[in-house]
Amino acid sequence: MNNLPSRDEASKSLGSNVISMTKTEAVKAYEEKIEQANDPNWQPIIPAPCEPVKPDNASMMWVYRDVAGKPATARVRFEKDGKKDVLPFTYGCKRQDQESEWIESWHYKAPKGKALLYRLDQIVSRATDPILLVEGEKTADAASKIYPDYVVTTTQGGSNAAQKTDWTALKGRDVVLWGDNDEAGQHYIQEVINALGSVFCASIGVVLTKDVRIPKKWDLADALPTSLNVQDERAFYDEWIQKKREILTAKVKMPSGVSVNENKLFLSYETKDGDVKKKILSDLLFIKGRVADQWDNGHGLIIGFKSHSGQFKDVVLPLALLADPKLFKRYLLDAGFVVNDADGLANCLNEIKVDRLYRTIDQTGWNENKDHQWAFVLPTKERWGCKDFYSREYTDNRLFARNGFMSDWQREIGQYIGLNSRLCFACCVGLAGLLLNPLGKQGTGFHFVGSSSIGKTTIANIVASLYGKPKDQIKSWKTTANGLEQIASDLSHTALILDEISEVTSDVAFDTSYMLANGSGKQRAMPTGDARPVKKWLLNFISTGEITLKAKLAEGKRKANAGQEARLINIPADCGQGLGVLDVVPNGFKDAKAFIDHLNHEASCFYGEVGRAFISFLADKLNSDDRGYFPYLKDRIKNLVQEWIPESADTQIVRVAEKFALAAIAGEEATEQGLTGWEAAQATQSCKTCFEAWLDHRGGAENEEVIQAIDNVREYIQTHGESRFSLLMGSNAFEEDITSKTANRVGYRKQDLTTKEVEYWVFPNKWKELCGGLDGAFVARILSERGYLLRENEKRLQKRMRIGKNQYRMYVLTNKLLE
């Protein structure tokens, strides 16, 4: 109040169509506490017959117009000693008291009734353009230059004006809300959301402005803070307005007698004496839609309200709870909503009619409706594509957090990892999870294996930062089966990161790797005896560890079959350059450690944006008329596979190559859309490098069962060569060394005294023991083809060998097997 003009200043001439303002008038206008409709000395004239003229001592003036573009009212700003005041300015007839004459002119008075929105004429004339609502006229003017494709508007009077504004012009429009970066700004947005609850906008989105690098009270009228380190302002602003939280809207028919006053819900009723009274049902709530699952069960209402903490939230209220007011009240109280009359509110909600039906889903990812429209839904209730889906409540609300901007991630992480094959490939695998469902592909695990302190954790952190905060997004192998099923379901169609396989037993590693790749949990029963819905998912998963899955299973004396090893593909984490997981250290970093420390720190600061941007792009593609896009991606994958695989490659190699190629195409598509920060073709080269590293690590491009056959026999000889094979003596007629005591013998070992080469002769009835569960004849043929097994002739895989005076048919293995 002390900032208002003095009486002398207020008495100065303000122009030919403006009268002087007294201190008393200014105080009354500033507080806006006079009920204008009850003021007999003020009659506004709207629209005004002339344009207002900015007062001489005013710094700014903003004109509010009616739908035809004629002046309806204005707001005038005064500044003095670094402080500001904004007063209403309206044309009309005013007199000092009932004895005075009427003076028709512009006065420091507010119009009667609901206040108009700023630029109402443009809102009406640009009927198909989205609306951007900001806080204050100065911000609106600045924002209209930044976002010319939006109709930028605001309300009269700041955060207290939301309930006094006529919002009907926004019916059916797409509205984006952007508040100042402070508590007052957030309060303003919450009040606007409350006010829009009965307008039925087509959509409402709230831009996310919370960022530690943005100064308090910053708004779009201010220059971008240098702390943001923005290199491309246009791209930055375009990205920023996409960072928004969607608010549901619906058309609701309330039961008769229900009314709203002072943020409370009232029910009017008639007493026995005929008097009409009101009772409080609850705090103010908004019915934002009704829900049911895809089988038309689980019906409920989506209700929005402001919780005890002041947070605006929405929850699903199961209609079944309305039958038990106590449970119903307990449910809402737990959510932070105040219920005064549970019976009355339950009856009221039971009679409400809502036009908008959403289909509830119980897992993250892609969903398709009956009209073949697609949507991607996150546990945060964020949706891209079709708006007909609604996400259930999730227990782990830490998943898919977001912070910073995509440009931050690109600048501090993306631009550096394109030339580092393991880091870039891992990101491509993470992004490829989004393509699995559209392309009809199966999920795969990639296991980065290597010694400690080479940077495997950095790989996990960077992939996790695509979708959320690394420390919350990364999970442990050491998780219960139930817990892992829930996590996989929550992360479906994205990426699951599991850290350090050595922490679990071989049995858990076996079951987990199979379950994750299979995409389905166990069938379990509910307490009632009915079957629980089986958890489903489709995702890529990335694992780290110092040992392979095969080595982990060997700890429990289990063997990994060929199919299981293909489900968790081993990638040597060490690039072989003496830099651990790095191929190169970019310029500007002292050494590999400094670079790794930088990546880990930045991944903890900037996260959750790249994955969302790729989701948005793919959702548009799925719902567009571009039906050739995904077949085009399949052709690109096929071409890469043909280019990468050796001529003699087995079908298993082709299938694995497709998984690497899918990752490459995901990385290239994201790069082409400007999402990653690395250069074109770097994703392809990184994925090819890792594919070749996998081939080398597994022992070549042969069938996995062929490699496993050789490994099984080789491992058996290495493990039991001296304990299970009796030593033969002599140079021609071999005799068993009677001094050796061989328990549970499987054969003999013979060493040439000249060359020192050793042969291993295996009894036919013991041969299967060396094959590790594989077919004995198959294993023998493989060993023979490679010169590891000597045979009698082309027809016989065994060979007759003389021991003393007798001959025996034996499988004869050469020393080459161990080389």
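Throughout, residues of each chain are indexed from 1 in the direction in which the sequence is written. With pLDDT at 70 or above as the cut-off, local features in this predicted model cover only qualifying residues; side-chain atom pairs require 80 or more to be listed or tallied, and sums for whole chains, interfaces and linings still use all residues. Remark: hydrogens and water are excluded; side-chain values derive from all non-hydrogen atoms of the structure.

### Re the overall build of the protein
Elements are defined by DSSP. Helices are runs of H or I of four residues or more, strands are runs of E of two residues or more, and each kind is numbered from the N terminus. The helix and strand inventory of the protein stands at 25 helices and 35 strands. Every radius of gyration here is taken over C-alpha atoms, with the globule rule written as 2.2 Å times N^0.38, N being the number of residues. Taken over the C-alpha trace, the protein has a radius of gyration of 37 Å; the compact-globule value for 819 residues is 28 Å, which it surpasses by more than 25%. Overall, the C-alpha framework of the protein stretches about 145 × 70 × 45 Å when taken along its three principal axes. Every one of the 819 residues in the protein was classed for burial, and the buried ones make up 52%. Whether two residues are in contact is decided by their heavy atoms, any of which lying within 4.5 Å being enough. Long-range pairs, those at least 24 residues apart, make up 64% of the contacts in the protein with a sequence separation of at least 6. On the protein, roughly 38,200 Å² of surface is accessible, and the fraction owed to carbon and sulfur atoms is 47%. Think of it this way: Lys and Arg go in the positive column, Asp and Glu in the negative one, and His and the chain ends go nowhere. For the purpose of locating charges, the reference atoms are NZ of Lys, CZ of Arg, CG of Asp and CD of Glu. Mean positive and mean negative side-chain charge positions of the protein (108 and 110 charges, respectively) differ by 5 Å. Working definition: with a 1.4 Å probe on protein chains only, accessible area under 20% of the residue-type maximum means buried, over 50% means exposed, and in between means partly exposed. For the accessible areas, the method is Shrake-Rupley and the probe is 1.4 Å, while residue cover comes only from the protein chains on display.

### Concerning unusual backbone geometry
With an omega dihedral of 0°, the bond running from Ile-46 to Pro-47 counts as a cis peptide bond. As for its placement among the helices and strands, Pro-47 is situated in the loop between strand E1 (42–44) and strand E2 (60–65). Residue Lys-381 is not a glycine yet carries a positive backbone phi of 75°. By the secondary structure assignment, Lys-381 is in the loop between strand E21 (374–377) and strand E22 (383–385). Phi at Phe-400 is positive, roughly 60°, even though this residue is not glycine. Tracing the chain through its elements places Phe-400 in the loop between strand E23 (389–391) and helix H9 (406–417). Given a relative accessible area of 2%, Phe-400 falls into the buried group.

### Let's talk about the packing of aromatic side chains
For Phe, Tyr and Trp, where Trp contributes only its six-membered ring, two rings pair if their centres lie within 6.5 Å, and the inter-plane angle classes them as stacked under 30 degrees, edge-to-face over 60, or tilted in between. Taken as a whole and judged by the stated rule, the model has 36 aromatic pairs. Between Phe-660 and Trp-694 the ring centres are 6.2 Å apart and the planes differ by 35°, which places this aromatic pair in the tilted class. Here Phe-660, found in helix H21 (residues 651–672), pairs with Trp-694, found in helix H22 (residues 682–698); they are 34 residues apart in sequence, far enough to count as distant. The exposure class of Phe-660 is buried, given its relative accessible area of 0%. Through pairs of rings, three or more aromatic residues link up here, namely Tyr-147, Tyr-150, Trp-178, Trp-218, Phe-236, Tyr-237, Trp-240 and Phe-405. Lying across the ring of Phe-405, Lys-243 places its NZ or CZ 5.0 Å from the centre. A positively charged side chain is recorded as over a ring if its NZ (Lys) or CZ (Arg) lies within 6 Å of the ring centre. The angle to the ring normal must also be within 35 degrees. Between the NZ or CZ atom of Lys-279 and the centre of the ring of Tyr-269, over which it lies, the distance is 5.8 Å.

### Structural notes on the sheet that holds strand E19 (residues 357–361)
Any two strands with at least two DSSP-identified bridges between them are counted as paired. Here five strands make up an open sheet; going across it, the order is E17-E16-E15-E19-E23 and the pairing mixed. At either end of the open sheet lies a strand with only one pairing partner, and these are strand E17 (312–318) and E23. Neighbouring strand axes in the sheet, compared pairwise and without regard to direction, differ in orientation by 40° on average. Here three bridges tie strand E15 (residues 285–292) to E19, and the two strands are oriented parallel to one another. Counterpart to Arg-290 in the pairing with E19 is Leu-357. Here an angle of 0 to 180 degrees is reported between the N-to-C directions of two axes, which are lines fitted to C-alpha atoms, with helices fitted over the stretch in contact. In this fold helix H7 (residues 325–334) packs onto strand E16 (300–306) and E17, with an angle of close to 155° to the strand it touches most, E17.

### So, the pattern of salt bridges
Any Lys or Arg side-chain nitrogen located within 4 Å of an Asp or Glu carboxyl oxygen qualifies as a salt bridge. Tallied over the entire structure, the rule returns 32 salt bridges. The salt bridge partner of Asp-408 is Arg-411, with a shortest N-O separation of 3.0 Å. In this pair, Asp-408 and Arg-411 are both assigned in helix H9, three residues apart and thus about one turn of the helix distant. Of the two residues, Asp-408 and Arg-411, neither departs from the other in class, the shared state being buried. Two residues, Glu-412 and Arg-411, come together in a salt bridge whose shortest N-O distance is 3.0 Å. Assigned by exposure class, Glu-412 and Arg-411 land together as buried. Each of Lys-243, Glu-382, Arg-402, Glu-609 and Arg-612 takes part in a single network of salt bridges with overlapping partners.

### Remarks on empty space enclosed by the protein
Two kinds of site are reported from a 1 Å grid over the protein atoms alone, namely cavities, where a 1.4 Å probe fits but cannot get out, and pockets, open sets with protein on both sides within 12 Å along at least five of seven lines, and residues are called lining when an atom falls within 4 Å of a point. Grid points are joined across faces, edges and corners, and a volume is the space filled by probe spheres set on the points. For the coordinates displayed, the defined rule picks out five cavities of 30 Å³ or more. As a volume, the largest cavity reaches approximately 100 Å³. Forming the walls of the largest cavity are 13 residues, and the residues nearest its centre are Leu-196, Gly-197, Leu-248, Thr-249 and Lys-288. Gly is placed with the polar residues, together with every amino acid not listed as nonpolar (Ala, Val, Leu, Ile, Met, Phe, Trp, Tyr, Cys and Pro) or charged (Asp, Glu, Lys and Arg). Partitioned by chemical class, the residues of the lining of the largest cavity number ten nonpolar, two polar and one charged.

### Observations concerning the nonpolar core
Nine residue types can take part in a nonpolar core, namely buried Ala, Val, Leu, Ile, Met, Phe, Trp, Tyr and Cys, and a core is a set of them joined through side-chain atoms within 4.5 Å. Ranked by size, the top nonpolar core spans 104 residues in total, and within it Trp-409, Phe-425 and Phe-660 carry the most contacts. Looking at this core element by element, the count peaks at eleven residues for H21. Among all residues touching Phe-660, those that are not within four sequence positions of it are Phe-425, Phe-446, Ile-569, Ile-571, Trp-644, Cys-687, Cys-690, Phe-691 and Trp-694.

### Looking at the packing of H7 against helix H8 (residues 342–351)
Orientation of H7 relative to H8, taken along the N-to-C sense of each, is 90°, at an axis distance of 9 Å. With respect to H8, the axis of H7 lies roughly perpendicular. Listed contacts from H8 to Pro-325, Phe-328, Lys-329 and Leu-332 of H7 are Ala-342, Asp-343, Leu-345, Ala-346 and Leu-349. Should an angle lie under 35 degrees it is considered roughly parallel, over 145 roughly antiparallel, and from 65 to 115 roughly perpendicular; all remaining angles are considered oblique.

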